[in-house]
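# Summary of the model geometry
Listed here are the chains, written in short residue letters.
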Amino acid sequence: MISDLERGHTKWPYRDSLNRLADALALDAQPRAAFIAAAGRRRANAIAGAASRGTGIRSGARGPNRPRLLPAAVPGFAGRTDQLDALSRVLDQPGGTAMICAIGGMAGVGKTALAVQWAHQVAAEFPDGQLYLNLRGFDRSGEPVSVTEAARAFLDALGVPASQLPATAEAQLNLYRSLLAGKRMLVVLDNARDVAQARPLLPGSPTCRVVVTSRNQLAGLAAIEAAHPLALDVLAGAEARQLLAGRLGESRLAADPVAVTAIIEACARLPLALTVVAARAATKPRLALRQVAADLSASPAADVRAAFSWSYRQLGPATARVFRFASLHPGPDLDPSAVAALTGMTAAQAARELDALARVCMIQYAGPGQVALHDLLRGYAAELTSSLDSAADRRAALSGLLDYYLSAASLAMDAAFPAERHRRPAVSPISDLAAEFASDGVAITWLRAQRANLVPLAIYAADHGWPQHAIKLAQVLFRFLDTDAQFADAIAVYSSIGRAARSIGDHAAEATGLLGLGNTNLQQGRYRQGIESIRQALALFRQAGDETGQGRALSGLGLGNLLLGYPKSAVAHFQQALELYRRLGDPTGQARALANLGFAALRQGRYADATAHLNESLTMFRDMGDQRGRASALANLGEIELRQERFDQAASHLREALDGFRQVGDRISEADTVANLGITELRQGRPADAMDRLNQALAICREAGDVSRQALALSGLGDVLMAIARPAQARRHYDAALKLAAQAGEKYEQARAHEGIGNAYQVNGARSQAQRHWREALAGYSDVGAPEADQLKARLACSAT
């Protein structure tokens, strides 16, 4: 139910799902009735507001959103009374920004724990909600959360539907600040890297309060925003003792106060170090604290490593090895299967060892079945494995990890995209995940969940001596990266395959990387850059004698030329690809080439030819079980029906295509299809439904960074606004579409936007402006051979008389 709501598949919860959820929450009597009634009000508000919907935020549809995003408070939080009081004084000051900074950039001093503890204490002061975000300013990947990502996360928490996100980062930040205006809202910005990362996220309303934590001083906030700096030092002795007492019990500490003092000093009074020691000591209630103190004092340095060292020495050999090897993983988190691959254990053994590490706070759970290391602990584990494990053992562990992810990714791709199995490199099925990928939906879910690990693994393999793993991983993930609309990740992976291929002189693999970069540029509307990369790929494929690769490059060149407005060149490339695939006996390539020829004919208004090509490709896709190809053919057939005003047939094809694209996770094609469904609904006289569809398509394109498809959705929204007699608003949408299409060099969408602008001017009686834009549209349609040119000629002739 939640998934359908969030993806826009439904507008309100299903009654049966509400009852199930109420059962799961053990609601009865009045609370249950109130819960069910709330969903009913949501539906009523949505229906009541349907007629007056525009493109602004519709607060009535979702009701007031009061986010409660604070993470759980740290168990056994101790001390910090003065700091908590200082933070609370900010409540009485206008527009206060509380800033928690660790002295000297010290990690492990408890910045997040303090911020979250205080936030929970004062949550009642902020009835409109509490926002929290870890900005990951000091993440080992070196990639902190961008301001744009942070703004989107907050807007989502504030109830802004994805379909109504503004186009630019600046507009999103303005909306975020507008929604917080006048609200009693607490915002916690955790682990900010610098002022530049934190400042744009400060709300402008004096009724809000902000806490920023960082290892840096962020003096700029104090100087300009009048933030109240709070330097956080290590715990005082009494506070450190309080922390230990909370975990070990007062009676155990009272039995040996000298040992307690020694433990505190050995841990340098750092909360992280004390927590690790206390967690380990708690598992050994008969262990004398004087022994703990003696072990800690034996360390050459009285700092956090002393605490880590003592806890590490208590681990069994297998658990200690898991801890060391976990630091080798280039990604942000691990699961038992990955640990098993690193260590040679079974997944069940690895899960037990991870549980053992979690009990003594050496790792922390980052989600169901996922664990992560605090960066200080990761650094300590890396030092240990560097000194205790041989280079050969470390390399073997990483090779096992890469083998596992390559095998698992290959199995997932075979389940998600079975028709292209023959195009991917052969990979030994060492993973035991095959049974888990029982459906393409499960496989896509796994690929998306593991993308944060797969991308850094590909990069690491390319840069640290595993070129074949990098190449194969990129080749295996090609279709997933092509459809999932995560362009930054795709570029990173394809760039890594290029580096790896050049290091071993593999021209075909280098061409694959260039082809991936080219396709990614085409999807983002950078057509000329995309064509240039694909041309280079074609030359390398020819040099390597890779004919299948040549066919893929020819298809890419055809698509790029078609989008740039060169239909004859596009058709020639598609024909070459088709002839090559027929000679090779490659049915997948033949079906895609036929579909491309159908798309080109559609753009030129040759609907009979287009339908013939697409129906032939559709039959082949169905026979091969190629769900994505089948959906693509159906989407184009639906657009043909739409253009010929057979709206019921168009809607049927488009809905079936949409189901297929969602099943394989093709976000960009989903956006295209949703937009065309919206246009179909508009032509059927349902402007409110059309507005919803087109806003949804626009949100997907903005999230993905696809410029040309944003233009398509914006022009569609302009058509809706024209239909409900709002020409001024429509013209603004057409103007925005024109700018984006011009940025991409997409002639057809530029012409469509010019035509819309002309229509809006005509409604207002501005005939000369209307004619000027229609002439621009006519030139564009003529350049790409679109049938709309003939219609505009007639309109211009009528307008002139």
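Scroll up to find the structure.
Because the structure is a prediction, the values reported are computed rather than measured. The numbers attached to residues start from 1 for each chain and follow its sequence in the written order. Note on the predicted model: pLDDT of at least 70 is required for a residue's local features to be given, and 80 or more for side-chain atom pairs to be given and counted; whole-chain, interface and lining totals, by contrast, use all residues. To obtain the side-chain values, all non-hydrogen atoms of the structure were used and water was disregarded.

### Looking at the overall build of the protein
As a reminder, the rule being used: Helix and strand definitions here come from DSSP, where helices need a minimum of 4 consecutive H or I residues and strands a minimum of 2 consecutive E residues; each element is numbered from the N-terminal end. Think of it in three bands: with a 1.4 Å probe and only protein chains considered, a residue is buried below 20% of the maximum accessible area for its type, exposed above 50%, and partly exposed in between. Whether two residues are in contact is decided by their heavy atoms: any pair within 4.5 Å suffices. In short, Shrake-Rupley with a 1.4 Å probe defines the accessible areas, and a residue's cover is counted only from the protein chains shown.
Each helix and strand in the protein was counted, giving 40 helices and 7 strands. Evaluated residue by residue, the protein yields a buried proportion of 54% over its 801 residues. Relative to all contacts within the protein whose residues are 6 or more apart in sequence, the contacts with residues 24 or more apart total 66%. When the accessible surface of the protein is split by element, carbon and sulfur atoms take 52% of a total near 32700 Å².

### Some points on helix α34 (residues 667–683)
In plain terms, the rule: Take the residue count of a helix, subtract one, and multiply by 1.5 Å to get its expected span. Polar contacts, as counted here, are pairs of nitrogen or oxygen atoms within 3.5 Å of one another; within protein the pair requires one atom able to donate a hydrogen and one able to accept it, and residues that are adjacent in sequence qualify only if both atoms are side-chain atoms.
Its 17 residues give α34 an end-to-end C-alpha distance of 24 Å, which sits within 8% of 24 Å, the value for a rise of 1.5 Å per residue. Most of α34 is tucked away: 14 of the 17 residues are buried. Measuring from the side-chain oxygen of the N-cap residue of α34 to the backbone nitrogen of isoleucine 668 gives 3.5 Å; that N-cap residue is aspartate 666. Glycine 685 sits one or two residues past α34 and shows a positive phi near 85°.

### Describing the pattern of salt bridges
What counts here: In the sections that follow, a salt bridge refers to a side-chain nitrogen of Lys or Arg positioned within 4 Å of a carboxyl oxygen of Asp or Glu.
Scanning the entire structure with this criterion turns up 32 salt bridges. Residues arginine 667 and glutamate 670 are paired through a salt bridge, measuring 3.6 Å at the closest nitrogen-oxygen approach. One end of the pair, arginine 667, and the other, glutamate 670, are both in helix α34, 3 residues apart, so they sit about a helical turn from each other. Salt-bridge contacts for glutamate 681 lead to arginine 693; the nearest nitrogen and oxygen are separated by 3.2 Å. Placement of glutamate 681 in helix α34 and of arginine 693 in helix α35 (residues 687–704) is noted, with a sequence separation of 12 residues between them. Both residues of the pair, glutamate 681 and arginine 693, belong to the buried class. Bridged by salt links that share partners, the residues Glu420, Arg479, Asp482, Arg592, Asp626, Arg628 and Asp666 form one connected network.

### Quick word on the nonpolar core
The tendency in soluble globular proteins is for nonpolar side chains to be buried as a group. Note the cut-off: Put simply, a nonpolar core is a bunch of buried Ala, Val, Leu, Ile, Met, Phe, Trp, Tyr and Cys residues held in one set by side-chain atoms that sit within 4.5 Å of each other.
Residues Ile263, Phe323, Met362, Trp446 and Leu447 are the most contacted members of the largest nonpolar core, which totals 214 residues. Here this core takes 13 residues from helix α21 (residues 391–416), the largest share from any one element. If you look at the next biggest cluster of nonpolar residues, it comprises 29 residues, including Leu189, Leu201, Val212 and Ala227.

### Thoughts on the packing of aromatic side chains
Going by this rule: The rule is short: rings of Phe, Tyr and Trp, with Trp giving its six-membered ring, pair when the centres are within 6.5 Å, and they are stacked under 30 degrees, edge-to-face over 60, tilted in between. When the NZ atom of lysine or the CZ atom of arginine is within 6 Å of a ring's centre and also within 35 degrees of its normal, the charge is said to sit over that ring.
All told, the structure shown has 9 aromatic pairs when counted by the stated rule. Between phenylalanine 154 and tyrosine 176, the aromatic rings sit 5.5 Å apart at their centres with planes inclined by 20°, giving stacked as the arrangement. Here the residue phenylalanine 154 occupies a position in helix α7 (residues 147–157), and tyrosine 176 occupies one in helix α8 (residues 169–180), the gap between them amounting to 22 residues. Across the pair, exposure class does not vary: phenylalanine 154 and tyrosine 176 are buried alike. Feature note: the residues Phe308, Tyr312, Phe323 and Tyr380 constitute an aromatic cluster, connected by ring pairs. Its end group placed over the ring of tyrosine 748, arginine 603 keeps NZ or CZ at 4.6 Å from the ring centre.

### Brief notes about the pairing of strand β3 (residues 186–190)
Filter applied, for reference: At least two bridges found by DSSP between two strands is the condition for calling them paired.
Counting buried positions over the 5 residues of β3 gives 5, a clear majority of the element. On β3, burial covers both faces: Leu186, Val188 and Asp190 on one face and Val187 and Leu189 on the other are all buried. Relative to β3, strand β2 (residues 130–134) runs parallel, the two being bridged by 5 bridges. Looking at β3, one finds that tyrosine 132 is bridged to valine 188.

### Here's the deal with the packing of helix α25 (residues 487–504) against helix α26 (residues 507–523)
The angle between the axes and the distance between the axes are what describe a pair of packed helices. Operational definition: In this analysis an axis means a line fitted to C-alpha atoms, helices contributing only their contacting stretch, and an angle means the value between N-to-C directions, from 0 to 180 degrees. We call two directions roughly parallel when the angle between them is under 35 degrees, roughly antiparallel when it is over 145, roughly perpendicular when it lies between 65 and 115, and oblique otherwise. It is the rotation of the near helix from the far one that decides the hand of a crossing: anticlockwise by less than a right angle makes it left-handed, clockwise makes it right-handed.
Two elements in contact, α25 and α26, have axes separated by 8 Å at closest approach and are oriented at 160°. On the basis of the axis angle, α25 is roughly antiparallel to α26. For the pair α25 and α26, the crossing hand works out as left-handed. Touching Phe487, Ala490, Ile491, Tyr494, Ser495, Ile497, Ala501 and Arg502 of α25 are Ala509, Glu510, Thr512, Gly513, Gly516, Leu517, Thr520 and Gln523, all from α26.

### Concerning α25
The periodicity of an α-helix, 3.6 residues per turn, causes residues three or four positions apart to be oriented the same way. The end-to-end C-alpha separation of α25 is 26 Å, in line with the 26 Å expected for 18 residues at 1.5 Å each. Along α25, the residues classified as buried are Phe487, Ala490, Val493, Tyr494, Ser496, Ile497, Gly498, Ala500 and Ala501. Looking at the buried side of α25, the elements it contacts are α22 (440–463), α23 (467–476), α24 (478–483), α26, α34 and α35. Positive backbone phi, approximately 70°, marks glycine 505, located one or two places after α25.

### Quick word on the side chain of threonine 213
Structurally, the position occupied by threonine 213 is in strand β4 (residues 209–214). A relative accessible area of 0% places threonine 213 in the buried class. Side-chain polar atoms of threonine 213 contact the side chain of aspartate 190, separated by 2.4 Å.

### Let's talk about the packing of helix α27 (residues 527–544) against helix α28 (residues 547–564)
As a reminder of what qualifies: Any residue that is not Ala, Val, Leu, Ile, Met, Phe, Trp, Tyr, Cys, Pro, Asp, Glu, Lys or Arg is counted as polar, Gly included; the first ten are nonpolar and the last four charged.
Relative to each other, α27 and α28 sit at 160°, their axes nearing to 9 Å. Relative to α28, the element α27 is oriented roughly antiparallel. Seen from above, α27 lies across α28 with left-handed handedness. On α28, the residues that touch Tyr527, Arg528, Ile531, Ile534, Arg535, Leu538, Phe541 and Arg542 of α27 are Gly549, Gln550, Ala553, Leu554, Gly556, Leu557, Gly560, Asn561, Leu563 and Leu564. Tallied by class, the residues present in the contact of α27 with α28 amount to 10 nonpolar, 5 polar and 3 charged.

### Details of empty space enclosed by the protein
In plain terms, the rule: Throughout, the protein atoms alone are placed on a 1 Å grid, and a set of points is a cavity if a 1.4 Å probe fits but cannot get out or a pocket if it is open with protein on both sides within 12 Å along at least five of seven lines; lining residues have an atom within 4 Å of a point. Grid points are joined across faces, edges and corners, and a volume is the space filled by probe spheres set on the points.
Tallied over the entire structure, the rule returns 2 cavities of 30 Å³ or more. Considering only enclosed or pocket space, the largest cavity measures out at about 60 Å³ in volume. Considering the residues around the largest cavity, the lining is formed by Leu562, Leu563, Gly565, Pro567, Arg603, Gln604, Glu746, Lys747, Tyr748 and Val784. Sorting the residues of the lining of the largest cavity by element identifies α28 and α38 (747–763) as the ones contributing at least two each. In terms of residue class, the lining of the largest cavity is made up of 5 nonpolar, 2 polar and 3 charged.

### Things to note about the environment of isoleucine 640
You can see isoleucine 640 is positioned in helix α32 (residues 627–643). Relative accessible area serves as the criterion here: at 1%, isoleucine 640 is assigned to the buried category. If we ignore the near neighbours within four places in the chain, the residues touching isoleucine 640 are Leu602, Tyr607, Ala610, Thr611 and Leu614.

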